[in-house]
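Here's the letter readout for the chains.
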Amino acid sequence: MKKKSKVEKKENEKFAAFKRAVSDFFYNLSVKVHGKMPHKQAGATAIGLKKRNDMIFYCLMMLFPVAQFCTFYIAVNLNSVILAFQSYDTLTGVHSWAGFDNFKLVFYNLFNDPTMLYSAKNSLILYACGLVVGVPLALWFSYYIYKKKPLFRVFKVMLFLPSIISAIAMSVMFTYFAERAIPQLLKLIFNKSFEGLLSGSKTAFGTLVFYSIWIGFGTGILMYSGAMNSISDSVVEAAQIDGIGMIREFFSITIPLIYPTIVTFLVVGVAGIFTNQMNLFSFFGPNAENSLSTFGYYLYKNTQTASFSDYPYLSSMGIVMTIVAVPLTLLVKYLLEKFGPSTD
Amino acid sequence: MKKMKRWLGLSLMAVFAFIISVSSVACRGGANGGIKIDPNRTQLYVSSHAGGFGSDWLTAASARFEEYYKDTSFESGKTGVQIIPDTPKTIGTGLLADIKNNRNNVIFTESVYYYDYIAAGAMADITDIVSGENSDLTEYGDNGGNIEGKLTEQQIAYYKTSDNKYYGVPHYAAFMGIMYDVDLFDEKMFYFADNENNGNDGFIIRANDKRSAGPDGKYCEVCAANGYDYSNHVCDDGLPATYDEFVKLCDYIAGAGVTPLIWSGENHADVFGKFMAQLAADFEGDEYALNFSFSGEATHLVDSIDADGTVHYKPATQITNANGYELYSSAGRYYAIDFVEKILSKSTYHHDFVFNVTHSHMDAQDDFLYSKDEDKRIAMLIDGNWWENEADSTFADMSNGNPNDPNSRQSRRIGYMPLPKATEEQVGEGETLTDFLYSMGFINVNSCDTPVKLDLAKKFLKFVNSQQSLEEFTVLTSSPKSLEYEMSDESLAKMTYFGKSMWNTRESANVVYPYSTNSLYLNHQSDFVFQSGFQSKLNNQIVTDISKKINDEHISAKEVFEGIIAYRTAEQWAANYASEIN
């Protein structure tokens, strides 16, 4: 029994040694394999794959906006630039090179057509009124709301309401107010007939400027009060400990700290000189009197009624306006940033 | 709390689901105008601009077309046709911009720059049904002939391209004018007597007093025989023959406690622009076409105007592209402004809201019609010939939908007043109308992709221009189509008083269309919308709203006219149209 068990033991040992050898072989092989394709390399591959996937995702996400930008901004504007140097023959439907003829006509009309002069004058007056009246009032109301003074929520809603109601609905309501309610009220007071504020030739422009400023209030207040709310409480508290009053706080702390927001509004406003149509189309459609026209309305109205052959002229006018607007906007931005209050 | 949130979430989801399902159902209904697609018939999509002329005519024509082809198969497995109507608001360049995505096969619209549409490849070639091998209208009940045969020479010259092709057919005719309440005129006897010195300032005293001959200069034999019974007879006897008589009539009407005139305050600039164009066309006659063709002899160019309004003419002048600006000094233009100055000379001549921005064209129509039941009646309305169709709901409202009610569209007598003449010498010369809306029917080029649809679309376009369809359109809209055709007695009997008076005027009038194929016109079409030709330089300001300026500042017609000439100089003309002049 013992003998048998000794033999068995020997055989078992041999088998165990063989098993170990095989196992060692595979282990060593595994180590070799793992050594040649170490985990370090596998990690790097995962990162590469992730990067590649991220890039594909990014490209796919950007594909649509980039295509849209290329098509509807670059291509359209490029087409507009090319169009400005062409003329169009309606009968044959052929575009041909016109050199600077369209630009010559634009400059001729700029200096000879009183409508253009009125448009320039009105556009500048509208901007100036917005600058002198609209911006300070919006800042002051925003400050009032920011300081949470009595009824600030009511003011906030009242002033912002015109911005969230549809532009057409607002203009209809305002038209009835200006054309029916006000004359009726004046008649009751003075016992004589009065023309509507929009149809009266002496009151129409002032009413339109008022409406434009009023309707733009909401956005201004939202942006300014938002910027004011981001002012650090510690700065305000420190100033208050130093005994600063509300007015001083407004001019010395609030305005300098929200100055970048004000600059943005003013710069956008400069560009708007050439595009703002003063809500003329909402009130009068294409029939507003020339004396009320702005650059924005002039271009919009003419584009609405244009035939193919009118587009080259309108394109060149758009380019001329851009040539004036771009440096002017950059200049205003530069001056405001250079000479504006410092946050230091 | 959690339960409440869950319930709130579920409720919100239910509300959204409801809204989405309702909207989708509504969209489906709206997409086909509430019509269910019949899978057993071939569909044809037809659009008609949602303007004053409405779409009742399309409904009626569609029904007859469907009936006509009810047993005909246009594609395998289907028999008959189903017209799916659409009534979009978009017109002109807006329509053209998106035409490639427009599913309508046949489109009836207005404000069409015809050659721009052709250049954009928006319209199918329809030469075969207008003048070619498939143009014979006999199959639809006409006694031979084709659509081209119903066009005037001026229309053919414009619509037929240089390679002898047609892409569109004129649609409805649009004329500005003065509508007068015949019931009121009869009741108050607002008619001129033949005897100017009858002791009543020249107006009739009794209904059967002999009346003046009116603008046509001819006494109406029917009127004389029936004692001026205008209950079913349309006639101009007793109506103002000249601008001065019109002003005299306004004075007389105002004196009777009636408001003589109303028009839309919101659209007054547009109304007067088009109305002055109409007055100018009436004065100029065929010469009015020179404003678009720039080719021919002008005999009405003003040399000077005396303080009393006497006009001195230049010798006949040959108009070419080079001197087209000369036409801005045409007498028709001056007299049109003169007429406007006259009717604005007293505030008693018009309604209070005629310059009020809130007063729409439909408000003006309503005020005109409803005034019948009010203390202060209104005698005349300045508007386009589509006004009656546009005011259909007002008539229905006033008559509770009863056609026999005295306030119904069928019962009320409102006439299209033949335009008075600028001078006595012109009385009897006949009226010239200008059709200014550039309306057109055409086949969307998309239809060419489907031969079945193209064939059907051509059949439909031909069908709506058959004699029966033209008459039906005229009866339903009270307005003529822009084609040459007759009206049967049977159809005339179905028309409203206004429709008959409009047709009478149209039938006897000369119609001038405001277009040509002159390159100067075609390459600057938007400049030659005639009403813009009244812009005047006054105090170094270009005034577009002439009527308001005259009303506010009492500027004379002569000043406005001289302002037009000061603005439209040879230098300006040369600068703007250099390429066409050289």
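As the structure is a computational prediction, the values presented were derived from the model and not from experiment. (Residues numbered from 1 in each chain as written. Chains lettered and ligands numbered in written order. Predicted model: local features only at pLDDT ≥ 70, side-chain atom pairs only at ≥ 80, totals over all residues. Heavy atoms only, no water.)

Explanation requested: the pairing of strand β11 (residues 378-384) of chain B in the structure shown.
Consecutive residues of a regular strand have side chains that alternate between opposite faces of the sheet. All names here are of chain B. Where burial is concerned, most of β11 is hidden: seven out of the seven residues are buried. Inspection of the sheet shows strand β5 (residues 176-181) paired to β11 by five bridges, in the antiparallel sense. Across the sheet, Met176 pairs through a bridge with Gly384, a residue of β11. Strand direction decides the pairing type here: strand β6 (residues 259-262) and β11, joined by three bridges, are parallel. Counterpart to Thr259 in the pairing with β11 is Ile378. (Buried < 20%, exposed > 50% of the residue type's maximum accessible area, 1.4 Å probe, protein only. Helix = DSSP H or I, 4+ residues; strand = E, 2+ residues; numbered from the N terminus. Pairing = 2+ DSSP bridges.)

In this structure, what is going on with the domain arrangement of chain A? I would like to understand it.
How large an interface is tends to be reported as the accessible area lost when its parts come together. Residue and element names in this part refer to chain A. Along its sequence, chain A is organised into domain 1 (2-94) and domain 2 (101-339). The straight-line distance from the C-alpha centre of domain 1 to that of domain 2 is 54 Å. In this complex, domain 1 contributes nine residues to the contact, which on the side of domain 2 involves nine residues. Taking both partners together, domain 1 and domain 2 bury about 680 Å²; carbon and sulfur atoms supply 68% of that area. When residues of domain 1 are sorted by the area they lose upon contact with domain 2, Leu83, Ala84 and Tyr88 head the list and together hold 64% of the total. Viewed at the interface, domain 2 and domain 1 are joined by three residue pairs in polar contact (both at pLDDT 80 or more). Every element with two or more residues in the side of domain 1 that touches domain 2 is listed here: α2 (39-84) and β1 (86-89). The element contributing the most residues to the side of domain 1 that touches domain 2 is α2, with four residues. (Domains from an automatic or database assignment. Contact = heavy atoms within 4.5 Å. Buried area = accessible area lost by both parts, 1.4 Å probe. Polar contact = N/O pair within 3.5 Å; in protein donor to acceptor, adjacent residues only side chain to side chain.)

Help me out: how do you make sense of a nonpolar patch on the surface in this one?
On the surface, a cluster of nonpolar side chains totalling about 620 Å² of accessible area is made up of A:Met55, A:Phe57, A:Tyr58, A:Met61, A:Met62 and A:Val66. Overall, A:Phe57 belongs to the exposed group, its relative accessible area being 54%. (Patch = residues over 30% accessible without salt bridge, like charges linked within 9 Å, V, L, I, M, F, W, Y side chains within 5 Å. Areas by Shrake-Rupley, 256 points an atom, 1.4 Å probe, with all protein chains shown as cover. Salt bridge = Lys/Arg side-chain N within 4 Å of Asp/Glu carboxyl O.)

Which parts of the structure should I look at to understand the interface of chain A and chain B?
Counting residues at the interface gives 36 residues for chain A and 36 residues for chain B. Both faces considered, chain A and chain B share a buried interface measuring about 2,900 Å² in area, 48% of it formed by carbon and sulfur atoms. Applying the counting rule to chain A against chain B returns one salt bridge. With its nearest N and O atoms 2.7 Å apart, the salt bridge here joins A:Glu195 to B:Lys548. Put simply, chain A and chain B have 21 residue pairs in polar contact (both at pLDDT 80 or more) between them. Secondary-structure elements contributing two or more residues to the side of chain A that touches chain B are β1, α3 (101-112), α4 (114-146), α6 (167-190) and α11 (280-284) of chain A.

Explain the sheet that holds strand β4 (residues 168-170) of chain B here, please?
Paired through backbone hydrogen bonds, the strands of a sheet run either parallel or antiparallel to each other. Residues and elements named next belong to chain B. In spatial order, the strands read β2-β1-β3-β14-β4; together these five strands make up an open sheet with mixed pairing. In the strand order of this sheet, the two ends are held by β2 (81-86) and β4, each with one partner. On average, adjacent strands in this sheet sit at an angle of 20 degrees to one another, irrespective of strand direction. Where strand β1 (residues 42-48) meets β2, six bridges bridge the pair, whose relative direction is parallel. Bridge pairing in β2 places Val46 opposite Pro85. On top of the sheet, helix α2 (residues 56-68) reaches β1, β2 and β3 (106-109); it is set at about 170 degrees to β2, its chief contact. The strands touched by helix α16 (residues 451-463) within the sheet are β1, β2, β3, β4 and β14 (440-443), with β1 carrying the most contacts at an inclination of about 50 degrees. (Axes fitted to C-alpha atoms, helices over the stretch in contact; angles between N-to-C directions.)

How do you make sense of the packing of helix α8 (residues 233-241) of chain A against helix α9 (residues 246-257) of chain A when you look at a structure like this?
To characterise two packed helices, one gives the angle between the axes of the helices and the distance between these axes. Residues and elements named next belong to chain A. Two elements in contact, α8 and α9, have axes separated by 11 Å at closest approach and are oriented at 165 degrees. Our classification of the angle between α8 and α9 gives roughly antiparallel. Considering the relative orientation of α8 and α9, their crossing is right-handed. Of the residues in α9, those touching α8 at Val235, Val236, Ala239 and Gln240 are Glu249, Ile253 and Leu257. Across the contact of α8 with α9, the residue classes tally to five nonpolar, one polar and one charged. (Parallel < 35°, antiparallel > 145°, perpendicular 65-115°, else oblique. Left-handed = near helix turned anticlockwise from the far one by under 90°. Nonpolar A, V, L, I, M, F, W, Y, C, P; charged D, E, K, R; others polar.)

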